[in-house]
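Take a look at the letters that make up each chain.
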Amino acid sequence: MALYNKTAHELHDLLQTKKISAAELTADIFSRIDEVEDKIGAYLTLTRDKATDTAKLVDEKISRGEKIAPLEGIPCAIKDNICTKGIRTTCASKILENFIPPYDATAYAKLAAQNSIIVGKLNLDEFAMGGSTENSGFHTTHNPHDLERVPGGSSGGSAAAVAGGEAVFTLGSDTGGSIRQPASFCGVVGFKPTYGRVSRYGLVAFASSLDQIGPLTRDVTDCALVLNAICGLDEMDSTSTAAPVPDFTKSLVADVKGLKIGLPKEYFVKGIDAEVETAIRNVAKKFESLGAEIIELSLPHTDYAISTYYLIAPAEAATNLERYDGVSYGARVDGADVVEMMTNTRTEKFGAEVKRRIMIGNYALSAGYYDAYYLKALKVRTLIQKDFTDAFKNVDLILTPTTPNAAFKIGEMTSDPLKMYLQDICTVPVNLAGLPGISVPCGVNKNKLPLAFQLIGKALDEETIIKAAFTYEQAL
Amino acid sequence: MNYEAVIGLEIHSELKTATKIFCGCATTFGAEQNTHVCPVCLGLPGVLPTINKKVVEFAIKAGLATNCKINKYSKFDRKNYYYPDLPKNWQTSQYDLPIAYAGHVEIDVDGVRKTVRLTRIHMEEDAGKLVHSGTTIKDSASSNVDYNRTGVPLIEIVSEPDMHSAAEARAYMEKIKSILEYIDVSNCRMEEGNLRADINVSLRPVGSNKLGTRTEMKNINSFKALEDAINYEIERQAEVLDDGGTIIQETRTWNPEKGITQSMRSKEDAHDYRYMPEPDLPPIVTTDEEIEAFRKSLPELPDARRARLIESFGLSEYDAGIITSSRAMAEYFDAVVAGGADAKAAANWIMGDLSKNLNADNLTIENSPVDAKRLAEMIQLIAKGTISGKIAKTVFAEMWKSPAPPTQIVKDKGLVQITDTGAIEGVIDEVIAKNPKAVEEYRGGKKKALGALVGQVMKLTKGKANPQLVNQLLAKKLEA
Amino acid sequence: MKISEQDIKTVASLSRLRIPEEEKDDVLFQLNKILTYVENLQTLDTSNIEPTTYALPMQNVFRADEVKPSLDRELALSNAPLKEDGYFKVPRVLEQA
C-alpha cells in the first residue's frame, strides 16, 4: 500500500488501528524521498535517524494500546527558517550554512511534543525573500507538477514536499504570501493564520510585523489538525495572541448557507491570467450554488499594497538581518579589522535578493528618506487595514485568486525583481492587515498546472475560513 | 574673552532588577564571561524579546521622582549601529515616545539653589563588554566579547543644557544618584559602571544666548572624572576660541592618567541610527490611575526629607543637605534619633567621626560596625553626663572595634566621668601645689592661666573629670 | 533617477555591504526601478492618517522579573566562528562605539 500520498487523518486511523506501523510509514516516505528528491529538491537537510527513533517510540506506544495524538507518528517537515535544536537551520543562506540552533521554535516544539515524525528541513528563498525558491543559497526546488517550473516561494520546499509525497504535511512561513502562493502553484492547501495565532519564537525573522507560521497540507481537514497543534499564546512571543484557540476540527462542517462572501473588484483587473479569473468566477458560482451569497465589493487601496509591502518588509528585514555579522555565530569571512570582517562576511555570504532588500530597507529608513518612504508606507498600511475593516462590515469572507497566474518557468522572472514582486499582489494585503488567509486548489489550467483561490477572513476568525474551504472541498 | 560654559548630561543608570530587560538571564555583576546569556540576549536567529515588567515600573518611578510627565503611550525602538558588543547590531531603546519627559530637579551649589530641567528618561538595554588583547583598543590585534552585560536594563536620563560649571554638573549628578537610591531602583555603584554619564560641553561669550559647538565625553563613571573632564574641556575650548579657532563637534575621551580629553575621531560618516519602531514589542500604555498609584508608592525624596530635618530638628540647611544626600545616611540618622539621641548631636556624630571612620575603612554606612542603636546609646551617655564629649571619642573608637554596648565599654575601660566633687578637689589641690607659677599669674589677673591648670587636672584624671565641674571648682579655690 | 551613486555608497556602508564596481550599474538600475514604482504612494494624502506599526492592536505584554536558566556556556559558544577562553573572539576593533 502506497502511504506517502495519504492525508494525516487517514494515516492516523491506519496507525491507531494498527493497520500500519509508524516505522513502515516513515520508511515509505523516505523511499519516496529517495525516488523523487533528486528531481524536486524540496529538502536542505534530512533527519532519517531522528525520524526512525520517533517512529519506534510511537509504535511502542501503539503496541501498548495507548491512544495517539492526531499528528503523532505522522511524517512532516519544517521550513528551514524555523529553528530546530540540534538540527542545522540555514534559512537557505550561506551565512547560516552551519548554524545549529541551541533552542527550538515554539511551533516546531509543539509538533515534536506530539511525536510528529520530523523528516527534515525544507528549502526556501534565502531568508524567505522571494516567490520561487530560486533565491535559495543552495539549490532551486522544482514544481512536482512540472519540473521545469518553480514551486513558488518562499515556502517552495514546503509546498513541493507535500505535492511530491515527500512529507504528509509541512510548516511554512508567510510574510507576503510565502505559504499561500507556493501552495497555489503546487496544488496543496496552505494557511496563513491571523498574525499572533502561532508563536513566531524561533521563526527566523524576515519582517517581524508580517511574518506568520502556518501549515501546508493535502486537504482542509489536515490543515485544521495542524492548526490545532501549533496555535496558541506563547510567553516567548509578546505579539502572540491571548485569544482562546478553538478546536478547528469543529469547523469541518460542509455548510455555507447564508455565508456572505465578498469578491473585491480590484483583484480582477490588470495582469490577471484569463484562466485564473475564470477559475475564481467558477469558485464563486460554486459557493453560490452551495447557498452562500456573493457580494461584489471594493478594497480601494489594493493598488498601493505592493509599494507599502516592499518598503515595510525590507525596512524590518534590514534591521532583522543586521545580526548576521560573523561575530558570534554563522559564517565569517576574515578581514583586517572588525568592520572589514563584517562587510566581507555579509557581502560574500548574502545572496543578491537579500542584499537588494537590505539596501532598499536601509534607504527607506535613512536620514532624510524616513518620512517619504518608511513612515509613508506605515500610514498607507493603516488605509489598507481600514479597507478590510470596512469590507468585513458587510461580508464574512473575501474570495480572491491566490496568484495572478499559475506556476511560471524557472528563470522566467529572475532578471526582473520588480516583476517578481508584482506577483504578490493578491497575498500581501492580507499580511499588511494581519488577517488569516487560505489557499485552496481549484482545478488545473490547460497546461495541467494547479490553480487556487484564496479566502480571507476576519482577524481571529480562522473557523469561518475552514468551514467554507471544507465545504468547497467536499463538494468537488 | 569671558565665556560661559553650557553643560548637559546624559546619565545612564543600571536598574536593580533580578533579570535582564528582555530575557530571564540574571543581571548579577562579576559572573564568569558568557555564563549569563541565552538565545534572546545573544540575538540568535529567531528569538524575540519580552519586556521585564519591573523595568517599566522602575522607569516610571524614576520619572515621577524627577518631576517628569509620564507618556501614557510609550514604545520601544531599534537604534541601529554595528558594534561587536551588540549582538543584534541594534540597541533596543526608545526614540520619540520615551517613558518619561519634561522633568526637573533642584540642586544647591555654594548656597545657591537652582533648577536643572530633564528632557526625558528612556529605557534601553546595555551592551556587552569587549576585552582587548592589548593595553588599548587600537593596539589590540583582536578583542574578546563577553555578553553577560548585554540586555542589562538601563534608564538614560537626559538633562537640558542647564548647567554652567563642573560643580553644578557634579551637584546634578549627585542629586540624580541620590534620588535613584531613595526610590531604590538602582544600586548606583559607579565603580561597577552602573551609573555613568555622557557629558556635553560648549562655550559661549558671557551674555550670549546662542549655543556654541559642543563636544561630548562618554562613559564618565566617577564624580572626580566628571569635574576634571569638564574643567579641562572648558579650558581647552576657551584656548581654542581665544586663538581664533573653532570647536569641532566630536566625541572626546577623558584620559584620567594624563588629565586631558582627547579626540576619538572626526565623525567622517556620522551615525545614522535609522531608528524604527520595534515591531516585536507591543506598546506600553499607562493610565492616570496607575501613574497616581506609582506616585503614592514613592518614598520621601531627598528634598522633602531635607526640609523635614530642618523643620523638625532644627538642623542647618548644610547639615540636612549632607545627611539626606544618601538615603542610607538619612535612614541611619532617623534611626539614631528614634533611638533616643538628640538630633543635632546625631548629625554631628554622623558627619564627623562616623563618616571619617567609614571613609578610612572604605565602608558604606549600611555596613558600619557601629549601628544606629549603639550610636544612639552613646550619645545618650553624653547627654546624661556619664561620659564627656571628649571621652566619647575614645568610646566611639572602641565601639568601632568591639560590638559591645557603649555602657559596657565605658565600664570596662573605666571611662565613667568623675563628678564626685571631693575626688576632683583632691586633684585640684595637687595641681595648685605643683604649679605655683600659674597660680600666681592667675591671681595676678592673668585669667588665661586657668586653662593650663584645667588641662593639668584633666590630664591627671585621664580626661574623665567633668570639665565644667573642674572649671568651677578650680576657679573657686583660686579665688578663695 | 531616484537614487544616486553616492546614495548607494552610503546605504551600502550603513548595511555593511560592498558593491563591486561591476555590479554598481545593475544595483542602481534595479533599485531605481523599485523606488520609482513605490512612488505611487506619494499620490495618497496621508496627512491625517496615523502610522501602523503592528499587524493588530496590542499593548502591555510583560514578563515577571524572575530568573530563568541561562545557556550552558559551551552551547552558547557552539556556533562561534572563533572563540577563546569562554569569549567570542573578533578581529581588531578600530573605533569605540
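The structure reproduced in this document is the subject of the present report. Because the structure is a prediction, the values reported are computed rather than measured. (Residues numbered from 1 in each chain as written. Chains lettered and ligands numbered in written order. Predicted model: local features only at pLDDT ≥ 70, side-chain atom pairs only at ≥ 80, totals over all residues. Heavy atoms only, no water.)

### A closer look at the overall build of chain B
- Within chain B, the secondary structure is distributed over 15 helices and 17 strands.
- Computed over its C-alpha atoms, the radius of gyration of chain B comes to 29 Å, more than 25% above the 23 Å expected for a compact globule of 480 residues.
- Oriented by its inertia axes, the alpha-carbon framework of chain B measures out at about 95 × 55 × 50 Å.
- With 480 residues in all, chain B has 54% of them scored as buried.
- Considering only contacts in chain B between residues 6 or more positions apart, those separated by 24 or more positions represent 69%.
- Taken as a whole, chain B presents about 20900 Å² of accessible surface, with 50% of it coming from carbon and sulfur.
- Taken together, the 61 basic and 67 acidic charged side chains of chain B have centroids lying 5 Å from each other. (Helix = DSSP H or I, 4+ residues; strand = E, 2+ residues; numbered from the N terminus. Rg over C-alpha atoms; globule rule 2.2 N^0.38 Å. Buried < 20%, exposed > 50% of the residue type's maximum accessible area, 1.4 Å probe, protein only. Contact = heavy atoms within 4.5 Å. Areas by Shrake-Rupley, 256 points an atom, 1.4 Å probe, with all protein chains shown as cover. Lys, Arg positive; Asp, Glu negative; His and termini not counted. Charge placed at Lys NZ, Arg CZ, Asp CG, Glu CD.)

### Here we look at helix 14 (residues 449-460) of chain B
All names here are of chain B.
- Helix length check: helix 14, at twelve residues, gives a terminal C-alpha distance of 17 Å against a target of 16 Å (1.5 Å per residue), a fit within 8%.
- Turning to helix 14, its buried residues are A449, L450, L453, V454, V457 and M458.
- Close packing links the buried residues of helix 14 with helix 12 (421-434), helix 13 (436-443) and helix 15 (467-479).
- Where helix 14 ends, the next residue or the one after it, K462, has phi of about 55°, a positive value. (Expected span 1.5 Å × (residues − 1).)

### Some words on the interface of chain B and chain C
- With 58 residues of chain B at the interface, the matching set in chain C holds 35 residues.
- Contact between chain B and chain C buries roughly 4100 Å² in total, counting both sides, with carbon and sulfur atoms accounting for 56%.
- Taken as a group, Q33, Y82 and N144 of chain B account for 13% of the area that chain B buries against chain C, more than any other trio of residues on that side.
- Connecting chain B to chain C are one salt bridge.
- The residue E32 of chain B makes a salt bridge to R73 of chain C at a minimum N-O spacing of 3.3 Å.
- Along the contact surface separating chain B from chain C lie 23 residue pairs in polar contact (both at pLDDT 80 or more).
- Looking at which element gives the most residues to the side of chain B that touches chain C, the answer is strand 10 (residues 142-146) of chain B, with five residues.
- The class makeup of the residues in the side of chain B that touches chain C is 31 nonpolar, 14 polar and 13 charged.
- In the sheet, strand 2 (residues 51-52) of chain B pairs with strand 1 (residues 62-63) of chain C via two bridges, with the strands oriented parallel. Opposite I51 of chain B, over in strand 1 of chain C, you have F62 of chain C as the bridge partner. (Buried area = accessible area lost by both parts, 1.4 Å probe. Salt bridge = Lys/Arg side-chain N within 4 Å of Asp/Glu carboxyl O. Polar contact = N/O pair within 3.5 Å; in protein donor to acceptor, adjacent residues only side chain to side chain. Nonpolar A, V, L, I, M, F, W, Y, C, P; charged D, E, K, R; others polar. Pairing = 2+ DSSP bridges.)

### Structural notes on the sheet that holds strand 9 (residues 397-401) of chain A
Residues and elements named next belong to chain A.
- Read across the open sheet, the eleven strands follow the order 1-3-2-4-6-5-10-11-9-7-8; overall the sheet is mixed. The open sheet is flanked by strand 1 (43-46) and strand 8 (293-297), the only strands paired with a single partner. Strand-to-strand twist of the sheet, defined as the mean angle between neighbouring strand axes without regard to direction, takes the value 25°.
- The pairing of strand 7 (residues 260-264) with strand 9 spans two bridges and is classified as parallel. Bridging from a neighbouring strand, I261 pairs with L397 of strand 9.
- Across the face of the sheet, helix 15 (residues 462-475) comes into contact with strand 5 (189-192), strand 9, strand 10 (437-444) and strand 11 (450-457) while running at roughly 10° to strand 10. (Axes fitted to C-alpha atoms, helices over the stretch in contact; angles between N-to-C directions.)

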